[in-house]
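Structural description and commentary
Listed here are the chains, written in short residue letters.
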Amino acid sequence: MFSRIDLRSWYYQIRVAKGDEEKTTCHTRYGSYKFLVMFFGFTNAPATFYTFMNDIFREWLDDFVVVYKDDILVYNNFMEEHVVHLQNVFRRLRKNKLYAKFEKCKFGVTEVDFLGHRITQ
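To start, this report covers the structure provided alongside it. Computed from a predicted structure; not experimentally measured.

Analysis parameters
- Residues numbered from 1 in each chain as written.
- Predicted model: local features only at pLDDT ≥ 70, side-chain atom pairs only at ≥ 80, totals over all residues.
- Heavy atoms only, no water.
- Pairing = 2+ DSSP bridges.
- Helix = DSSP H or I, 4+ residues; strand = E, 2+ residues; numbered from the N terminus.
- Axes fitted to C-alpha atoms, helices over the stretch in contact; angles between N-to-C directions.
- Salt bridge = Lys/Arg side-chain N within 4 Å of Asp/Glu carboxyl O.
- Buried < 20%, exposed > 50% of the residue type's maximum accessible area, 1.4 Å probe, protein only.

Looking now at the sheet that holds strand S6 (residues 106-109). Strand order in the open sheet formed by four strands is S4-S5-S1-S6, and the pairing between neighbours is antiparallel. Two strands close off the open sheet at either side, each with one partner strand: strand S4 (65-68) and S6. Averaged over all pairs of adjacent strands, the angle between their axes in this sheet comes to 10 degrees, without regard to strand direction. When strand S1 (residues 2-6) meets S6, the two strands line up antiparallel, connected through two bridges. Looking at S6, one finds that Phe-2 is bridged to Val-109.

Let us now look at the pattern of salt bridges. Oppositely charged side chains can form a pair if their charged atoms are brought close together. One pass over the full model with this rule turns up seven salt bridges. For the salt bridge of Arg-118 with Glu-111, the shortest nitrogen-to-oxygen distance reads 2.7 Å. Since its relative accessible area comes to 40%, Glu-111 is described here as partly exposed. Between Asp-113 and Arg-118 there is a salt bridge, with the nearest N and O atoms lying 2.7 Å from each other. Here the salt bridges share partners, and the residues they tie into one network are Glu-111, Asp-113 and Arg-118.

See the structure below:
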């Protein structure tokens, strides 16, 4: 049993730490702007996001969850167990204010495309 969750605008869901907004200042001819969320072009944005995602799901990684960038794969042998694990994953996402792109998600399927591979039981 597989479910694939794809996060919406992944970088933009990570808030810049309070007080660090000044460090993100961008000057233009229209004025100065500060980012409140992580911007795609920041040098450490990918590493920060990977660390954040791994910290969120650390206790479940490679047990029933695989995370790569904004893609989350939940896998189990039995539907009842799968539903419980999905609920846990959704709670964790909600707690960390991360939101999925529903139209790109798949739930409770026996085969799924993940990172360019077709995964089956």
